[in-house]
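Descriptive structure summary
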Amino acid sequence: MRIALGVTGGVAAYKAAELVRRLQQEKFDVEVVMTRGAEEFLRPLTFAALTGHKVITAMFAAAPGEPANVESAIEHIAVAQRIDLLLVAPATAGVLAKLAAGIADDFLTTLYLATKAPVVVAPAMNINMWEHPATRENLGRLRARGVRVVDPDEGYLACGMTGAGRLASHEAILEAVRGALNFVRDLAGEVVLVTAGPTCEDIDPVRYLTNRSSGRMGYAVAEAAAARGASVILVSGPTALPTPAGVELVPVRSAEQMARAVGKHVDRATIVVMAAAVADYRPVHKHAQKMKRGAPDLSLQLEMTPDILAAVAAEKGRRIVVGFAAETERLAEHARRKLAAKPVDLIVANDVSHHGAGFDVDTNVVTLFPRDGREKALPALSKREVAERVLDEALRLKSGARNGS
Ligand code: PMT
């Protein structure tokens, strides 16, 4: 999950660096937006180094002496759309006033108006400013709009006074973030092994057999599992996707490599979700040099790849094993046949010829075929939402297995 952390200009700004670390430990991908005031206290480089992302400091960023470009002019919209939560910590009295009044005169305040994500603010300021009726009124307006306010702690303040105004503890801020996201950490203690993406089966140094998998379905499962507290190992064929925060990526290329990587890590896993589109066949010979054009026709001799799902299912033990089924016809019949052929707990079947389902789209339409027969057809959902439902089902089957039902 992605959080934009707005850092504003107060003495407590230095605490935001440690807060970034805590958020990352909780598997959040953090990008930082600094106000002009914050830059008086800290350099953007600190946050860039911690997050690995560019730090946004200005509304119309451009190289010195150059006019602002279109991308920077609409960046607040892009950030607004991609974040799952906006956290402002520390939030000064001035920024709270702007948020309350809807004044959008810099990147952070514009982002606040542009995003539909939940918003959490953690104020920090001098006690008189905190107690001022104007600040109280502004906080009341923000709360009325659904903004979560993490009240400051009491203690010795940078101004030399004692009282309320210190930035709340990182734990209190994290609690509010979890609450705002409706967070469930029901996979804490689980190790989830996910396969994703296509495999590439080389013919020669420049050609290979592959398929249209983008990796999005498997990456969504990995990201959702990590957000719910699991340790996640993602064995992925080649994709263009960034590694989800907090996930251990094991990159592979061929079905053979995927089989080896899964074999190496599966012992640690308590739940296995196999969303990869693994090649069923590979060329018998991989040519060492580029094959030359010549004969009018050419046959490729193919051989079967290892069935990774079957191998994992055969050594299943107490772990929950989830396979996918990519079908273009008679979905239920094929899914049930897969369930009968391999001792897996759940088959997630998608009709990949269906509009908005399967390969290389953001949504999927799946039917869940659990071994206990409680089949469930889901509507068209984002891949992230499908991932959540698959994990819910895996947990249901796990608790069923524990209770012996
Ligand atoms: O990556 P996206 O663009 O988001 O697309 C998502 C998806 C369509 C790839 C995904 O939703 C999906 O259906 N994944 C499974 C694709 C597939 O290979 O299905 P299958 O019916 O051929 O295989 C059945 C199961 O066996 C799958 O869990 C597969 O990972 C596994 N398998 C297949 C072949 C093989 N040699 N070893 C395997 O383990």
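Note that this is a predicted model, so its numbers are computed, not measured. (Residues numbered from 1 in each chain as written. Predicted model: local features only at pLDDT ≥ 70, side-chain atom pairs only at ≥ 80, totals over all residues. Heavy atoms only, no water.)

**Remarks on the sheet that holds strand S1 (residues 2–7)**
Here is the rule: Strands are treated as partners if at least two bridges between them are detected by DSSP. For helices the rule is a DSSP run of H or I covering at least 4 residues; for strands it is a run of E covering at least 2, with both sets numbered from the N terminus onward.
The strand order across the open sheet formed by five strands is S2-S1-S3-S4-S5, and the pairing between neighbours is parallel. The sheet terminates laterally at strand S2 (29–34) and strand S5 (148–149), the two strands that pair on one side only. Where strand S3 (residues 85–91) and strand S4 (residues 119–123) come together, four bridges link them in parallel fashion. Paired with Ala-91 across the two strands is Pro-123, which belongs to S4.

**A word on the side chain of Thr-135**
The condition that has to hold: We call two residues in contact when some of their heavy atoms are within 4.5 Å.
Of note, Thr-135 is situated in helix H9 (residues 133–144). In contact with Thr-135, not counting residues within four places along its chain, are Ala-93, Met-125, Met-129 and Trp-130.

**So, helix H15 (residues 383–402)**
Test applied: Here the expected length of a helix is defined as 1.5 Å per residue gap, with one fewer gap than residues.
In this model, H15 (20 residues) spans 28 Å end to end at C-alpha, consistent with the 28 Å of a helix rising 1.5 Å per residue. One or two positions beyond H15, positive phi appears at Gly-404, with a value near 75 degrees.

**So, unusual backbone geometry**
The phi angle of most residues is negative, glycine excepted, and most peptide bonds adopt the trans form. That bond from Ala-89 to Pro-90 is cis: its omega, -5 degrees, falls within 30 degrees of zero. By secondary structure assignment, the location of Pro-90 is in strand S3. Despite not being glycine, Asp-360 has its phi angle at roughly 60 degrees, a positive value. When you line up the elements, Asp-360 lands in the loop between strand S17 (346–351) and strand S18 (363–364).

**Examining the site of the ligand**
Quick note on the threshold: A single heavy atom is enough: if one lies within 4 Å of a molecule or strand, its residue is considered near that molecule or strand. Here a polar contact is recorded for every N or O atom pair within 3.5 Å, except that within protein the pair must consist of a potential hydrogen donor and a potential acceptor, and residues adjacent in sequence are included only if both atoms are side-chain atoms. Accessible surface area values rest on a Shrake-Rupley calculation with a 1.4 Å probe, where residue burial reflects the displayed protein chains alone. Note on residue classes: Ala, Val, Leu, Ile, Met, Phe, Trp, Tyr, Cys and Pro are nonpolar, Asp, Glu, Lys and Arg are charged, and everything else, Gly too, is polar.
Around the ligand sit 29 residues in total, of which Ser-213, Ser-214, Ala-276, Asn-350 and Asp-360 are the nearest. Gly-358 has a polar backbone atom sitting 3.4 Å from an oxygen atom of the ligand. Within the contact set of the ligand, an oxygen atom lies 2.7 Å away from a side-chain nitrogen or oxygen of Lys-383. With the chains in place, 95% of the 780 Å² that the ligand exposes on its own is no longer accessible. Those elements giving two or more residues to the shell around the ligand turn out to be helix H11 (216–227), helix H13 (308–314) and strand S16 (320–327). Here the shell around the ligand takes four residues from S16, the largest share from any one element. Here the shell around the ligand is composed, by residue class, of 15 nonpolar, eight polar and six charged.

**With respect to the pattern of salt bridges**
The following threshold applies: The working definition used for a salt bridge is a side-chain nitrogen of Lys or Arg within 4 Å of a carboxyl oxygen of Asp or Glu. Relative accessibility decides the category of a residue: with a 1.4 Å probe and only protein chains considered, values under 20% of the type maximum give buried, values over 50% give exposed, and everything between is partly exposed.
Counted by the stated rule, this structure contains 38 salt bridges. Where Arg-22 meets Glu-26, a salt bridge forms, and the shortest distance between an N and an O atom there is 3.8 Å. Overall, Glu-26 belongs to the buried group, its relative accessible area being 10%. One salt bridge connects Glu-26 with Arg-178, and the closest N-O pair in it is separated by 3.1 Å. Of the two residues, Glu-26 is situated in the loop between helix H1 (15–25) and S2 and Arg-178 in helix H10 (residues 170–180); the sequence distance between them amounts to 152 residues.

**Things to note about helix H12 (residues 255–265)**
Where we set the bar: By arc we mean the arc of the directions from the helix axis to the C-beta atoms, nothing more.
Ala-255, Met-258, Ala-261, Val-262 and His-265 are the residues of H12 that are buried. Considered in projection along H12, the buried side chains sweep an arc of 125 degrees and stay on one side of the axis. Exposed side of H12, more than 90 degrees from the buried face: Arg-260 and Lys-264 are the residues found there. In the core, the buried residues of H12 are packed alongside strand S8 (191–196), strand S9 (201–204), strand S11 (231–236), strand S12 (247–251) and H13.

**Looking at the packing of aromatic side chains**
Heads up, the condition is: Two rings belonging to Phe, Tyr or Trp (six-membered ring only in the last case) form a pair when the distance between their centres is within 6.5 Å. Interplanar angles under 30 degrees mark stacking, angles over 60 mark edge-to-face geometry, and anything in between is tilted. Two limits define a charge over a ring: the Lys NZ or Arg CZ must be within 6 Å of the ring centre, and within 35 degrees of the ring normal.
Counted by the stated rule, this structure contains zero aromatic pairs. Across the ring face of Trp-130, the terminal group of Arg-136 is positioned such that the distance to the ring centre comes to 4.4 Å. Over the ring of Tyr-208 we find Arg-253; its NZ or CZ atom is 4.9 Å from the centre of that ring.

By themselves, these observations are geometric and do not establish any function.
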